[in-house]
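Here is how the chains run, residue by residue.
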Amino acid sequence: MILGIDLIASDLASGTKSFNTNLLNQFLKNKSKEKIFIFITKNYFNNIEVKKIPKNIKLVIKPNFLNKYLFKIIWMQIILPFELKILGIKKIYSSMNYCPLICKILNIQIILNVHSNLPWVYFDKMPGSILKNIFIKYFMFVSIKLSDKLVVNSYYAKKELIKKLKLKSKKIFVNYLGVEEINFERKNKIEKIKFDFKNRYILSVASCVRYHNFINILDAFKNTNYKKKKIKLVFIMQILDEKYFDEIKNYVHKNFDNNEIFFFKNLNTNLLNKFYSKSFIYIFSSYCEVFGLTSLEAMKYKIPVLISNCSALPEVNGDAALYFNPNNPSDISIKINKLINSQRLRKSLIHKGIKQVNKFKWINTYRNLMKIITKKI
């Protein structure tokens, strides 16, 4: 069986890039009987960890402009299916929410990974124009319906898709994500920014979108004893919703003094890891997650985690986090103060977090994915 793996996606620092990069390295590290063609763009070479590519794997290198959404969609839907046919590929794994629809006509099996249920749960909170979001929702819907197998990242996501789209359970497979190992050699090379890491700070890493509800975090933080304890709040973001980011900045300007709230955008992996490792508490407020990787990344760095009590987050984080209602700033504020004031609670969460994060490894994600791909329908 000849397999195709489509890992062409955004090169911006994001969950998308992290997923595709880690999966790419697992394919290159682990032996497989199948002949595999992996489609990537040139800039993903910077993230390849192995020096020698296995004989059964062929990297099909594409130009970097395919990282752009529109060009990727055109290539995927019009060109890729015929490339697959010419190469004799019988199955294609599409890693990011959409699949090449013509493959259905060409009798090529489609395995699709869906990383978001947002269009069916919080459509009004999606970033971008309404027309674009309608297109995304429809395109995802058609991709999901036409796929032969569907991979999701939690049992919560599976149940939600079955309920919202009336899908058959036997078509959907759950595959948890992995957490990247700490690379201490890479960690030593850090770019310089204007921030004193001697500060005590609470960290939040998330895309700037309305369903992550940063303003409720700020509203809650405002009513904690952060001034007395000399604690800062740091947001590391991908700005997907510019209008919402402006609202956040205006809120900060009206409610906080200078150098109390910090925003950083598009940080490289080394610097992001340093922020994790030096943080005092990690906080993540979201209404809609099918997995939520950043809280596990914080646990990896032995940071106590404070997180929303909804969607897939309790499933993934177990008893290793302190939970709050993301719609209730008062509850968030109480929980922040509780963590700030209790060293015993912080140590307990750190200890539980170390055990929890060890359950999620990329090698397991890769092996389970290969079982799903190669299993006969």
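(A) Seen up close, the overall build of the chain. The secondary structure content of the chain amounts to 15 helices and 13 strands. For 377 residues, the compact-globule estimate of 2.2 N^0.38 gives 21 Å, and the chain sits close to it at 21 Å. Counting only C-alpha atoms and orienting by the principal axes, one finds that the chain spans roughly 65 × 45 × 35 Å. Here the chain holds 377 residues, and the buried ones make up 55% of them. When the accessible area of the chain is evaluated, it comes to approximately 18,100 Å², of which 54% is carbon and sulfur surface.

(B) Structural view of the sheet that holds strand 8 (residues 200-208). Ordered by their spatial adjacency, six strands build an open sheet running 10-9-8-11-12-13, and the pairing between neighbours is parallel. Only two strands of the sheet have a single neighbouring strand rather than two, namely strand 10 (261-265) and strand 13 (321-324). Neighbour to neighbour, the strand axes of the sheet diverge by 25 degrees on average, direction disregarded. In this sheet, strand 10 lies alongside strand 9 (residues 231-239) in parallel orientation, the contact comprising five bridges. Bridge pairing links Phe235 to Phe263 in strand 10. Helix 9 (residues 242-255) rests against strand 8, strand 9 and strand 10 of the sheet, and its axis sits at about 155 degrees to strand 10.

(C) Region of the structure containing the nonpolar core. Counting residues in each nonpolar core, the largest one holds 92 residues, and the members touching the most others are Ile38 and Phe275. Per element, the largest residue contribution to this core is seven residues, and it comes from strand 9. Contacts of Ile38, omitting those with residues within four sequence positions, involve Ile5, Leu7, Leu24, Phe27, Ile57, Lys58, Leu59 and Val60. Core analysis: the next-biggest nonpolar cluster, separate from the first, contains 40 residues, Leu106, Phe139, Tyr287 and Cys288 among them.

(D) Structural context of the environment of Ser286. The topology assignment puts Ser286 in the loop between strand 11 (281-284) and helix 11 (294-300). Taking relative accessible area as the criterion, Ser286 reaches 1% and is therefore assigned buried. Separated by 21 residues in the primary sequence, Ser286 and Ile307 have C-alpha atoms spaced 8.1 Å apart. Looking at Ser286, its side chain comes within polar contact range of the side chain of Glu289, at 2.7 Å.

(E) How the structure looks around the confidence of the model for the chain. Looking at the chain as a whole, its pLDDT mean stands at 93, while 97% of the residues score no less than 70. Across residues 184-188 the pLDDT falls below 50, and counting only partners more than four positions away or on other chains, this stretch makes seven contacts in the model.

(F) Spatial organisation of the sheet that holds strand 7 (residues 172-174). Read across the sheet, seven strands follow the order 3-2-1-4-5-6-7 without closing on themselves; strand pairing throughout is parallel. Looking at which strands have only one partner, the edges of the open sheet turn out to be strand 3 (57-62) and strand 7. Strand-to-strand twist across the sheet, computed as the mean angle between neighbouring axes with direction ignored, equals 20 degrees. Sheet topology note: the strand 1 (residues 2-6)/strand 4 (residues 91-94) ladder contains four bridges and is parallel. Paired with Ile5 across the strands is Tyr93, a residue of strand 4.

(G) Region of the structure containing the pattern of salt bridges. Following the criterion strictly, the structure yields 13 salt bridges and no others. Between Lys29 and Glu49 there is a salt bridge, with its nearest N and O atoms 3.0 Å apart. Residue Lys29 is found in helix 1 (residues 15-29), and its partner Glu49 is found in the loop between strand 2 (35-41) and strand 3; the two are separated by 20 residues along the sequence. Residue classification places Lys29 among the partly exposed residues on the basis of a relative accessible area of 46%. Of the charged contacts in the structure, one is a salt bridge between Asp331 and Lys335, with a shortest N-O distance of 3.2 Å. Taken as a pair, Asp331 and Lys335 lie in helix 13 (residues 329-341) at a separation of four residues, close to a single helical turn. What emerges from the salt-bridge pattern is a single network uniting Arg210, Asp241 and Glu247.

Definitions and cut-offs
Residues numbered from 1 in each chain as written. Predicted model: local features only at pLDDT ≥ 70, side-chain atom pairs only at ≥ 80, totals over all residues. Heavy atoms only, no water. Helix = DSSP H or I, 4+ residues; strand = E, 2+ residues; numbered from the N terminus. Rg over C-alpha atoms; globule rule 2.2 N^0.38 Å. Buried < 20%, exposed > 50% of the residue type's maximum accessible area, 1.4 Å probe, protein only. Areas by Shrake-Rupley, 256 points an atom, 1.4 Å probe, with all protein chains shown as cover. Pairing = 2+ DSSP bridges. Axes fitted to C-alpha atoms, helices over the stretch in contact; angles between N-to-C directions. Contact = heavy atoms within 4.5 Å. Core = buried A, V, L, I, M, F, W, Y, C linked by side-chain atoms within 4.5 Å. Polar contact = N/O pair within 3.5 Å; in protein donor to acceptor, adjacent residues only side chain to side chain. pLDDT = per-residue confidence, 0-100. Salt bridge = Lys/Arg side-chain N within 4 Å of Asp/Glu carboxyl O.

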